Every structure is written in structure tokens, then in C-alpha cells.
Amino acid sequence: MTVIHGENIVLRPIREEDYPLLVKWGRDPELARLLEGDYPQSLVECLAWHQRVASDRHRQLWGIELDGVGLIGDVELDHIAWRSGDAELRIRIGERQHWDQGYGTEAVTLLLAHAFGPMNLQRVYLRVFSFNERAIRCYRKAGFRREGVLVRRAADGERRQVFLMRILREEFLRIPRREAAAG
């Protein structure tokens, strides 16, 4: 799997020594409220989950490592449809002290440059809860546009709005600050 270097972060493969952090983030109630996903809740689950992800050609997962600090989150392309060139993006900054510092935007931008460059994808989409303003700001900075709205019933019975967002390859490549990174 490719290692992707940015200005402040590196996207790199998940390693076994990352499992305790992944489990910690999987158990975090605030992260669970903001995100959907099949994140592991124990070290045993984490090993099986990581093996499943690593062997799935329709998923690619990277750890987000902050220079001099270590792992602060993860980012993933899921449901990769190689023929049509579509994939769904998910990101999680698990270490809260690194929220609101631009690392999520940098990780998303790096991953989009990889998706639209070497992977030759045509469209990346995502789902985000309407109340997750931090994530929505991040996605807009990276060039995503809102495409639709769903209403879902959460595990607690509450009805929640989910925004569908997407960015096309040609849109990403037209953003001037990214032309060098995407090429």
C-alpha cells in the first residue's frame, strides 16, 4: 500500500501497534455519535477487522500520522467501484486535541489527490450527519459539494439528517492549490 506524504501528516498503512488507539476511538461515544462505521471495540475484533479490510480490494485504509506525534486518525476509501471509478470516503480524527487544526482537511486533500491520480477514480462521495459542522467545513474546503439529503433512524431511535456530498475528478483538478499535489 502506498505511503502518502503531506506537509504535516503522512497517510500510511495501519500496523498492529495501532490497534489500541483504533479500539480506543471505536469505543469513544462522541466519535460514535459523529460517525457511522464498523469500527472495532476490542483488540481481538481489531485484528479480524484489519485483516478483513486489508484483504478487500474494494477498500483501502490509511492511518493519519502527524509528524513527531504519531497516529491521530484514519482515512478510508470504501466501496471502490473500479469500473465506474467511484469510492466512498470516510475519515476519523480520533485524537481530539488535534481537532480544528486542519489535519482532517490535509488528509482528505492528500487522499483525493491519490484517488484521482494513481487510482484513476472519477468520483468520491461521502455521507455526513447534518449536525457534524466540523466535518462539513473540512469537506467543503477540500472541494466537496452537497448532492442530497437522507433521513435515517439512529440506534437510539432519533431521526437524523445525513448529507450526501461528492467531488468529481475534474472539479478537484481545477482547484489551483491542488494541481501540484494531484499531478
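A brief structural summary. (Residues numbered from 1 in each chain as written. Predicted model: local features only at pLDDT ≥ 70, side-chain atom pairs only at ≥ 80, totals over all residues. Heavy atoms only, no water.)

On a plain count of helices and strands, the protein chain comes out with 7 helices and 8 strands. In terms of overall size, the protein chain behaves like a compact globule, its C-alpha atoms giving a radius of gyration of 16 Å where 183 residues would be expected to give roughly 16 Å. Along the longest, intermediate and shortest principal axes, the C-alpha atoms of the protein chain span 40 × 40 × 35 Å. Looking at the protein chain residue by residue over its 183 residues, the buried ones come to 50%. Put simply, 58% of the contacts in the protein chain that link residues at least 6 apart link residues at least 24 apart. Carbon and sulfur atoms provide 49% of the accessible area of the protein chain, an area that totals close to 9,500 Å². In the protein chain, which carries 29 positive and 27 negative side-chain charges, the distance between the mean positions of the two groups comes to 5 Å. (Helix = DSSP H or I, 4+ residues; strand = E, 2+ residues; numbered from the N terminus. Rg over C-alpha atoms; globule rule 2.2 N^0.38 Å. Buried < 20%, exposed > 50% of the residue type's maximum accessible area, 1.4 Å probe, protein only. Contact = heavy atoms within 4.5 Å. Areas by Shrake-Rupley, 256 points an atom, 1.4 Å probe, with all protein chains shown as cover. Lys, Arg positive; Asp, Glu negative; His and termini not counted. Charge placed at Lys NZ, Arg CZ, Asp CG, Glu CD.)

As a further point, take the pattern of salt bridges. Scanning the model with the defined rule gives 21 salt bridges in all. Between E76 and R90 there is a salt bridge, and its shortest N-O distance comes to 3.7 Å. Taken together, the residues E76 in strand β4 (residues 70-81) and R90 in strand β5 (residues 86-93) connect sequence positions 14 residues apart. Judged by its relative accessible area of 4%, E76 falls in the buried class. Residues D100 and R137 are paired through a salt bridge, measuring 3.6 Å at the closest nitrogen-oxygen approach. (Salt bridge = Lys/Arg side-chain N within 4 Å of Asp/Glu carboxyl O.)

With that out of the way, let us pick up the sheet that holds strand β3 (residues 60-66). Ordered in space as β1-β2-β3-β4-β5-β6-β8-β7, the 8 strands form an open sheet in which the pairing is mixed. For this open sheet the edge positions go to β1 (4-5) and β7 (145-153), each flanked by a neighbour on one side alone. Note that strand β6 (residues 123-129) and strand β8 (residues 159-168) share 7 bridges and pair antiparallel. Each bridged residue has a counterpart across the sheet, and for R123 the counterpart in β8 is L168. Each of β4 and β5 is contacted by helix α1 (residues 19-27), which is oriented at about 75 degrees to β4, the strand it contacts most. Contacting β1, β2 (9-12), β3, β4, β5, β6 and β8, helix α4 (residues 103-116) runs over the sheet at an angle of about 50 degrees to β2. (Pairing = 2+ DSSP bridges. Axes fitted to C-alpha atoms, helices over the stretch in contact; angles between N-to-C directions.)

A few words now on the environment of E106. Here E106 shows up in helix α4. Given the relative accessible area of 14%, E106 is considered buried. Sequence separation between E106 and A54 is 52 residues; the distance between their C-alpha atoms is 23 Å. Among residues more than four places away in sequence, those in contact with E106 are G6, E7, N8 and I9.

The next subject is the packing of α1 against helix α3 (residues 43-54). For any two helices packed against each other, the geometry comes down to the angle between their axes and how far apart the axes lie. Running from N to C, α1 and α3 point in directions that differ by 105 degrees, and their axes come no closer than 9 Å. On the basis of their axis angle, the class for α1 and α3 is roughly perpendicular. Between α1, through Y19, P20, L22 and V23, and α3, the contact on the second element is made entirely by L43, C46, L47, W49 and H50. Of the residues that constitute the contact of α1 with α3, the class distribution is 8 nonpolar, 1 polar and no charged. (Parallel < 35°, antiparallel > 145°, perpendicular 65-115°, else oblique. Nonpolar A, V, L, I, M, F, W, Y, C, P; charged D, E, K, R; others polar.)

Turning our attention to the environment of P29. Along the polypeptide, P29 turns up in helix α2 (residues 29-34). Looking at P29, the relative accessible area reads 65%, which means it is exposed. A C-alpha to C-alpha distance of 23 Å links P29 and V108, two positions 79 residues apart in sequence.

Bringing unusual backbone geometry into the picture now. Here the phi dihedral of H79 falls at roughly 50 degrees; this positive angle occurs in a residue that is not glycine. Here H79 lies in strand β4. Under the relative-accessibility criterion, H79 is labelled partly exposed at 43%. For D100, which is not glycine, the phi torsion reads 60 degrees and is therefore positive. The topology assignment puts D100 in the loop between β5 and α4. Its relative accessible area of 55% is what places D100 among the exposed residues.

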